[in-house]
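Notes for the structure review
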Amino acid sequence: QLQLVESGGGLVQPGGSLKLSCAASGFTLDRVAIGWFRQAPGKEREGVSCISSGSGTKYADSVKGRFTISRDNAKNTVSLQMNNLKPEDTAVYYCAADRRIVLMCGLSDRAFGDWGQGTQVTVSS
């Protein structure tokens, strides 16, 4: 059974950094696209970043230059390094898997069928 588990969320001051991890069981992450999404209170879920099985990456404009997605095949994890965090980055962050065979991942949540339980990120002074 495929399972995704996020970790690494927490409370950080504006300008600070956090690193989120998405660990998988039941399959190997390097064969699927993995996306990071977030949902703030009262807002729709939005795509933040994704990494394809070929390691191509994509970022939302709001996080470009601040967030970096990467894959560690040995640990079967995908990480999201978040730097220069802003209060508007506050949300529950989810990782998700797209098991279709695609050349490049996308940031639409409709393409992702397997989801983790989420981890809270709060950016506040």
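Here the structure is a predicted model, which means the values were calculated and not measured.

On to the state of the cysteines, then. Enumeration according to the criterion identifies two disulfides in this entry. What links to what in the protein chain: the bonded cysteines, counted in sequence order, pair as 1-3, 2-4.

Checked against the element boundaries, Asp-89 lands in the loop between strand 8 (77-82) and strand 9 (91-98). Along the backbone, Asp-89 and Ala-74 are 15 residues apart, and their C-alpha atoms lie at a distance of 29 Å. If sequence neighbours within four positions are ignored, Asp-89 has contacts with Arg-38, Arg-66, Phe-67, Asn-84, Val-121 and Val-123.

Take the pattern of salt bridges next. In total, this model carries seven salt bridges according to the counting rule given. The salt bridge involving Lys-64 is made with Asp-61; its shortest N-O contact spans 3.2 Å. On the accessibility criterion, Asp-61 (65% relative accessible area) is exposed. Among the salt bridges present, the one from Asp-89 reaches Arg-66, with a minimum N-O distance of 2.7 Å. Placement of the pair is Asp-89 in the loop between strand 8 and strand 9 and Arg-66 in the loop between strand 6 (57-59) and strand 7 (67-72), with a sequence separation of 23 residues. The exposure class assigned to Arg-66 is buried, which follows from its relative accessible area of 8%.

Cut-offs applied
Residues numbered from 1 in each chain as written. Predicted model: local features only at pLDDT ≥ 70, side-chain atom pairs only at ≥ 80, totals over all residues. Heavy atoms only, no water. Disulfide = S-S within 2.5 Å. Helix = DSSP H or I, 4+ residues; strand = E, 2+ residues; numbered from the N terminus. Contact = heavy atoms within 4.5 Å. Salt bridge = Lys/Arg side-chain N within 4 Å of Asp/Glu carboxyl O. Buried < 20%, exposed > 50% of the residue type's maximum accessible area, 1.4 Å probe, protein only.

Functional significance is not addressed by these values, which are geometric in nature.
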